[in-house]
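Okay, here's what each chain looks like letter by letter:
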Amino acid sequence: MSQLLQLFILLPLLGFGLSLVISRNNEKALSGMAIAITVLQLAGTVGFLFYWLLNSAPILNIKHLTLFTAGNIEIFIDFYFDKTTAVFALIGAVLTMLVALFSRFYLHREEGFKRYFSTLLLFFLGYNLVIYSGNFETLFVGWEVLGICSFLLIAFYRDRYLPVKNGLKVISFFRLSDVCLILAMWMSHQLWHQNITFFQLNDAALVQQHFAEYNWYGYFIALMLVLVAAIKSAQLPFSSWLPRAMEGPTTSSAIFYGSLSVHIGVFLLLRTYPYWEQLTGIKVLIMAIGLLTSIIASGIARVQSTVKTQIAYSSITQIGFMFIEVAAGWHTLALIHFAANAFLRTYQLLVSPSVMSYSIHDMVFSYQERKPNSRPSWINKINNSFYMLSVKEWNLDRLLHLGLWNPFKWIGNRFSFLSGRLSAVFLGVLLAAGLYIDLHPRSVPDGLYKYLPIIFSLVGLLMVLRSFAERKGVRTAWILIIGGQLFITLSLALFNEDFGHKYMLIYLSGSAVSCVVGLVCLNKVKK
């Protein structure tokens, strides 16, 4: 039975591959293929669920493919299936099929018709990788695919300024969640000295034994996971990105930010519950985040002037309640709540254009003057203050800019000289010198050698921050990012004696491909 789990990953992958070779002018073939893939996925999921339930619903786990081995650490793809996976898989398959059917007509003759369906199938692949993942590494692959698809669909209307701006804003939040997830994986390796699977986490005695010896490791992992979930599910103080993500087509807003992608934070908390089940402080923190988010987001939703923003904050409110339910251990209730909220928000977003036309008609022809308020003045002052704060969305965007993004931009602007040609020559010489030292470590004194990893990693960090603040040359920013990666790799090689040239090439393999693809794409866009 476990072997069948791979089919639910291969089917969306097959659909994405087929979408790339079908002509973009052949709308019927593109949409028909996407609908066929989602229908097959739904049929397969329903059939598998019946077979699984008839066999007493066992927890399934399969180690699929080993990617890398070094000592006790083994990086491998692992698939896992339990009650949580079953609910998310079924809801995901149903809603993706419905949205694919709706999009066939909604996006008819749209310039990006093929681009939309290719991205939708890629999103479906990433979603299934996340919910079927059996360890952090597999989950991270799907997590990255979801982030990329989010950016592509938010910036779907790429000839407009606001969609592209909001797409960059959203992906910057997602990158922050990616960093927290990487830190959680790293500390998990330090805690277990192996690649722990979600199946192994079901052993409560094993988890308690490790957390008793390394209690602060557990708190660090749990705190990172809470941050990841809060960012991905738009909980406070990161709530402002969700309404900004509604710039894409209504159908993508429905599947991403109304139903599936926005609930992935809840899924992560459900999946990693054994990590923080015994940590009372983490439970209280999750409940506090959920409760505060529900109160504030509910007020914001009631006073917004755009229907997509209202739906976005209404969804955030319900997800806040789900956070409370997960922390309280009411997981079945959280799964029912997820299913209900996903279906409701998808429906609301898909019918919102029609509802808006009816509402405008009703406002014009059925206007009613508001009656004077006779409540005490101090109550009115509180109501009016809460109203104004909600209209301004509690200035969450401004607070995040001041506390999070602006400091990075300020540092990057202080090192604007790194964008110059003279600096490029100097950095090239410095990189060549570092490579020579890595090959001939005895060529420098030991007192200097131990500081070189710090120096090179700092240079790499400053180059990345400078690229973040770069506004004039997009290729300059891209080259700065590539250079930063090279310096970071060099610092790792110098810091760790076991980090040989084989590992350096493995580490750089993804960066090298991204470097070439990025430069080709930028040149094509410029032409």
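These numbers come from a predicted model, not from an experiment. (Residues numbered from 1 in each chain as written. Predicted model: local features only at pLDDT ≥ 70, side-chain atom pairs only at ≥ 80, totals over all residues. Heavy atoms only, no water.)

A. Inspection of the overall build of the chain at higher detail. Regarding its fold elements, the chain presents 22 helices and 2 strands. Its C-alpha atoms give the chain a radius of gyration of 25 Å, within 12% of the compact-globule value 24 Å for 527 residues. If one aligns the C-alpha atoms of the chain with their principal axes, the spans along those axes are about 85 × 60 × 60 Å. Classification of the 527 residues of the chain by burial places 49% in the buried group. Pairs at least 24 apart in sequence give 75% of the contacts found in the chain among residues at least 6 apart. (Helix = DSSP H or I, 4+ residues; strand = E, 2+ residues; numbered from the N terminus. Rg over C-alpha atoms; globule rule 2.2 N^0.38 Å. Buried < 20%, exposed > 50% of the residue type's maximum accessible area, 1.4 Å probe, protein only. Contact = heavy atoms within 4.5 Å.)

B. Structural view of the pairing of strand β1 (residues 60-70). The pairing of β1 with strand β2 (residues 73-81) spans 9 bridges and is classified as antiparallel. From the neighbouring strand, Ala-70 faces β2, where its bridge partner is Ile-73. Once β1 ends, the chain turns through 2 residues before running back antiparallel as β2, passing Gly-71 with a positive phi of about 65°. (Pairing = 2+ DSSP bridges.)

C. Layout of the confidence of the model for the chain. Per-residue confidence for the chain averages 86 on the pLDDT scale, and 95% of its residues sit at or above 70. No element of the chain has a lower mean pLDDT than helix α7 (residues 204-213), at 73, and none a higher one than helix α11 (residues 264-271), at 93. (pLDDT = per-residue confidence, 0-100.)

D. Here's a closer look at the nonpolar core. Grouped together as the largest cluster of nonpolar side chains are 124 residues, with contacts concentrated most on Phe-81, Phe-123, Tyr-127, Tyr-132, Trp-241, Tyr-275 and Trp-276. If we ignore the near neighbours within four places in the chain, the residues touching Phe-123 are Leu-146, Cys-149, Ile-255, Phe-256, Leu-260 and Ser-261. In this structure, Leu-418, Leu-427, Val-444 and Leu-490 belong to the second largest nonpolar core, which totals 14 residues. (Core = buried A, V, L, I, M, F, W, Y, C linked by side-chain atoms within 4.5 Å.)

E. Geometry of unusual backbone geometry. With an omega dihedral of 0°, the bond running from Leu-236 to Pro-237 counts as a cis peptide bond. Mapped onto the fold, Pro-237 is located in the loop between α8 (215-232) and α9 (241-244). Although it is not a glycine, Ser-56 sits at a positive phi angle of roughly 70°. Tracing the backbone through its elements, the reader meets Ser-56 in the loop between α2 (27-54) and β1. The class for Ser-56 is exposed, based on a relative accessible area of 66%. The phi dihedral of Ala-234 falls on the positive side, at around 60°, and the residue is not glycine. Locating Ala-234 in the fold gives a position in the loop between α8 and α9.

F. Inspection of the packing of aromatic side chains at higher detail. A full pass over the atoms with the stated rule returns 24 aromatic pairs. Centre to centre, the rings of Phe-123 and Tyr-127 are 6.1 Å apart; their planes meet at 35°, and the pair counts as tilted. With a gap of 4 residues between them, Phe-123 and Tyr-127 both fall in helix α4 (residues 113-131), about one helical turn apart. Measuring from ring centre to ring centre gives 5.1 Å for Phe-174 and Trp-241, while their planes differ by 80°; the resulting arrangement is edge-to-face. With Phe-174 in helix α6 (residues 161-192) and Trp-241 in helix α9, the pair connects residues that are 67 residues apart, well separated along the chain. Judged by its relative accessible area of 0%, Trp-241 is buried. Through a chain of ring-to-ring contacts, three or more aromatic side chains come together here, namely Phe-8, Phe-48, Trp-52, Phe-81 and Tyr-132. The aromatic ring of Phe-76 is capped on one face by Lys-63, whose charged end is 4.8 Å from the ring centroid. Its guanidinium or amino end placed over the ring of Phe-156, Arg-115 lies 4.7 Å from that ring's centre, counting from NZ or CZ. (Phe/Tyr/Trp six-rings, centres within 6.5 Å; stacked < 30°, edge-to-face > 60°. Lys NZ or Arg CZ within 6 Å of the ring centre and 35° of its normal.)

G. Representation of the pattern of salt bridges within the structure. Under the definition given, this model contains 8 salt bridges. One salt bridge in this structure joins Glu-74 and Lys-63, with 2.9 Å as the shortest N-O distance. With Glu-74 in strand β2 and Lys-63 in strand β1, this pair connects stretches of sequence that are 11 residues apart. Relative accessible area serves as the criterion here: at 22%, Glu-74 is assigned to the partly exposed category. Lys-63 sits in the partly exposed class, given a relative accessible area of 43%. Linking Arg-244 and Glu-393 is a salt bridge whose minimum nitrogen-to-oxygen distance equals 3.3 Å. Of this pair, Arg-244 sits in helix α9 while Glu-393 is found in the loop between α16 (377-391) and α17 (396-414), placing the two residues 149 residues apart along the sequence. Neither residue differs from the other here; Arg-244 and Glu-393 are each classed as buried. The network of salt bridges with common partners includes Lys-169, Arg-244, Glu-393 and Asp-397. (Salt bridge = Lys/Arg side-chain N within 4 Å of Asp/Glu carboxyl O.)

H. Spatial organisation of helix α22 (residues 501-526). Across its 26 residues, α22 extends 36 Å between first and last C-alpha, which sits within 8% of the 38 Å expected from 1.5 Å per residue. The principal kink in α22, of about 40°, is found at Leu-508. Residues of α22 that are buried include every one of Met-504, Leu-508, Cys-515 and Gly-518, and no others. Considering only its buried residues, α22 is in contact with α18 (421-439) and α21 (474-495). (Expected span 1.5 Å × (residues − 1). Bend = angle between axes of the 7 residues up to and from the residue.)

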